[in-house]
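Here are the chains, one letter per residue:
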Amino acid sequence: MVRKISGDPQCPPDLRELRERVAAFVCDRVMPCEPVLEGGGKRAAAALCGLRQEAKRQGLWALPLPAELGGQGLPLTSYAHVAEAEGASDYGPAALGSASLLDVLMLWRHGSPRVRARYPERLVSGELRACYAMTEPDTPGTEPALTATRAESGADGTWRVSGRKWFTSAAAGADLVTVLARTDGEPPDREGLSLLLVPTDAPGFHVVRDLPVLGAGGQAEIALDHVPVDADHLIGERGKALAIAGERLRLGRTLRCLRWLGQAQRAFELMCRRAVTRTGSHGPLADLQLVQRHVFESLLALRATRPLVYEAVARLDAGLDARLEVGLAKVAAARTLHQVADAAIQVHGAAGLGPDTPLPALFRTGRLARILDGPDELHMVSVARRVLRATPAEG
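Residues numbered from 1 in each chain as written. Predicted model: local features only at pLDDT ≥ 70, side-chain atom pairs only at ≥ 80, totals over all residues. Heavy atoms only, no water.

The next point concerns unusual backbone geometry. A cis geometry characterises the amide bond from P187 onward to P188, with omega recorded as 5°. Position of P188 among the secondary structure elements: in the loop between β4 (176–182) and β5 (193–199). Phi is positive for L214, which is not a glycine, with a value near 50°. As for its position among the elements, L214 is in the loop between β6 (205–210) and β7 (219–229). (Helix = DSSP H or I, 4+ residues; strand = E, 2+ residues; numbered from the N terminus.)

A word on the packing of helix α1 (residues 13–30) against helix α4 (residues 76–86). For the pair α1 and α4, interaxial distance at closest approach is 8 Å and the crossing angle is 25°. When the axis of α1 is compared with that of α4, the two are roughly parallel. Two packed elements cross with a definite hand, and for α1 against α4 that hand is right-handed. On α4, the residues touching L15, L18, R19, V22, A23 and V26 of α1 are S78, H81, V82, E84, A85 and E86. (Axes fitted to C-alpha atoms, helices over the stretch in contact; angles between N-to-C directions. Parallel < 35°, antiparallel > 145°, perpendicular 65-115°, else oblique. Left-handed = near helix turned anticlockwise from the far one by under 90°. Contact = heavy atoms within 4.5 Å.)

What follows covers helix α6 (residues 101–110). Residues separated by three or four positions in an α-helix point in the same direction, a consequence of the helix having 3.6 residues per turn. Here α6 lies mainly inside the structure; seven of its ten residues are buried. Listed in full, the buried residues belonging to α6 are L101, L102, D103, V104, L105, M106 and L107. (Buried < 20%, exposed > 50% of the residue type's maximum accessible area, 1.4 Å probe, protein only.)

Within the secondary structure, P228 sits in strand β7. Residue class for P228 comes out partly exposed when judged on its relative accessible area of 22%. Between the C-alpha atoms of P228 and E38, which are 190 residues apart in sequence, the distance is 33 Å. Look past the residues within four positions of P228 in its chain and what remains in contact with it is T158, W159, R160, A202 and P203.

Glancing now at the pattern of salt bridges. Here the structure, examined in full by the defined rule, presents 22 salt bridges. A salt bridge links R150 to E186; the shortest N-O distance between them is 2.8 Å. Here E186 lies in the loop between β4 and β5 and R150 lies in strand β2 (residues 150–153), a separation of 36 residues in the sequence. Residue class for E186 comes out exposed when judged on its relative accessible area of 53%. The residue E191 makes a salt bridge to K240 at a minimum N-O spacing of 3.0 Å. Here K240 lies in the loop between β8 (234–235) and α9 (241–277) and E191 lies in the loop between β4 and β5, a separation of 49 residues in the sequence. Linked by salt bridges that have partners in common, R29, E54 and R57 make up one network. (Salt bridge = Lys/Arg side-chain N within 4 Å of Asp/Glu carboxyl O.)

In total, this model carries one aromatic pair according to the counting rule given. When the ring of W166 is compared with that of F167, the centres are 4.8 Å apart and the planes differ by 70°; the resulting orientation is edge-to-face. Judged by its relative accessible area of 22%, W166 falls in the partly exposed class. Look at F167 and you get partly exposed, because its relative accessible area is 39%. The cationic tip of R116 hangs over the ring face of W108; the distance from NZ or CZ to the ring centre is 4.1 Å. Across the ring face of Y132, the terminal group of R248 is positioned such that the distance to the ring centre comes to 4.0 Å. (Phe/Tyr/Trp six-rings, centres within 6.5 Å; stacked < 30°, edge-to-face > 60°. Lys NZ or Arg CZ within 6 Å of the ring centre and 35° of its normal.)

Close reading of the predicted structure is inappropriate where its pLDDT is low. When pLDDT is averaged across the protein, the result is 93; 98% of the residues are at 70 or more. Model confidence for the protein, summarised as mean pLDDT per element, is weakest for strand β9 (residues 279–280) at 86 and strongest for helix α8 (residues 120–125) at 98. (pLDDT = per-residue confidence, 0-100.)

With that settled, consider the side chain of D376. Within the secondary structure layout, D376 lies in helix α13 (residues 376–389). The contact partners of D376, leaving out residues within four places of it in the chain, are K330, V331, A334, R335 and R370.

Now for the side chain of E221. Assignment of secondary structure puts E221 in strand β7. A polar atom in the side chain of E221 sits 2.7 Å from the side chain of R209. The contacts of E221, once residues within four sequence positions are left out, are P137, R164, K165, W166, H206, V207, V208, R209 and L211. (Polar contact = N/O pair within 3.5 Å; in protein donor to acceptor, adjacent residues only side chain to side chain.)

Further remarks concern the packing of helix α10 (residues 289–317) against helix α11 (residues 323–348). Each packed pair of helices is defined by two parameters, the angle between the axes and the distance between the axes. At a closest axis distance of 8 Å, the pairing of α10 and α11 adopts a crossing angle of 155°. Of the possible angle classes, the one that applies to α10 and α11 is roughly antiparallel. Our pair here, α10 against α11, has a crossing hand that is left-handed. For the contact of α10 with α11, a count of residues per class yields 15 nonpolar, six polar and four charged. (Nonpolar A, V, L, I, M, F, W, Y, C, P; charged D, E, K, R; others polar.)

On to the environment of P307. Assignment of secondary structure puts P307 in helix α10. Residue classification places P307 among the partly exposed residues on the basis of a relative accessible area of 46%. Put simply, P307 and Q10 are 297 residues apart on the chain and 9.6 Å apart in space, counted from C-alpha to C-alpha.

What follows is about the nonpolar core. By size, the foremost hydrophobic cluster in this structure holds 85 residues, and its most contacted members are V22, F25, L107, L195, L255 and L258. With 16 residues, α9 is the single largest residue contributor to this core. Excluding residues within four positions of it along the chain, L255 makes contact with L76, Y79, L101 and L102. Counting 20 residues, the second-largest nonpolar core is a separate cluster that includes V177, L196, I222 and V227. (Core = buried A, V, L, I, M, F, W, Y, C linked by side-chain atoms within 4.5 Å.)

As structure tokens, then:
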């Protein structure tokens, strides 16, 4: 499975035991529960609750979350090596309490005193769940300046938020949702957008429908009909949402890359095991050159992608501009997961298409990865433009 340290040859010696413990938990506890977790509903909720309790008992809960809020304060450069093992299952971050990292950091850094006092610690403990709503049904996700959702401030300072959002992860079970809304100006004004923290039990908030993505749940469409939001639930400064959103997205994309590496490594190991154990009339699959090519190309993709991801991690951790590095890493990691999962399915044959292996889910995630957090094309254009702007015209 994913216990092998060989998946991350640069893992520092002082982190290997922790990485191994996390890998064992994901392999032994989380992966067997994946069919139940994918089914959703009460059984999934109960299974996830049990996994979280076990993670806490084993001392593996909330590893990268701030220590002052109840987490274990693992720095990003250290957590990165653990995140690969944790992310080998899509449900690993939720089971181990790191899924709330982006929301906790955003609220802790940019929330009002009341928000900071009420929510981050409860998110770290798992008492509350939060999600993030940015994309809209009729607005290109790559152009947030065209956001149509609006928030108007009344005489008492209370905001009233109206609009629709979709592809909002885990909205159905969330207690809080951070909503990107226009508070000033008109599209495409980039300075008139703000972030508001909306309790999902507020009047006018509705989950319109689940949005199965290539057959899998977890996403939703939500509607906000004049939802009242307290004035102090504005996150950051009014009209300055895109700076906070960019900070969140760069870290979020990098965390996804690490988790996609873990899933690609999982698919790679499944492929190799299939190749050496499956025997036909001409011997084991591992003796076939075309199978060997799948193994080589997959390993090459993994080894080429990992340094790009860790370069992005290092620059983010150092507080440096990492837009170029994150763009490269995001496209490379998405392609690698898609490529390796596809190769693993090919080596498995019909068995790779059915419910007896995790390969269909890994392939689905690989395909989604090329659109999630900005499609490949967005990152290609952004990185290329950045490089070309820095290139002198002469000499």
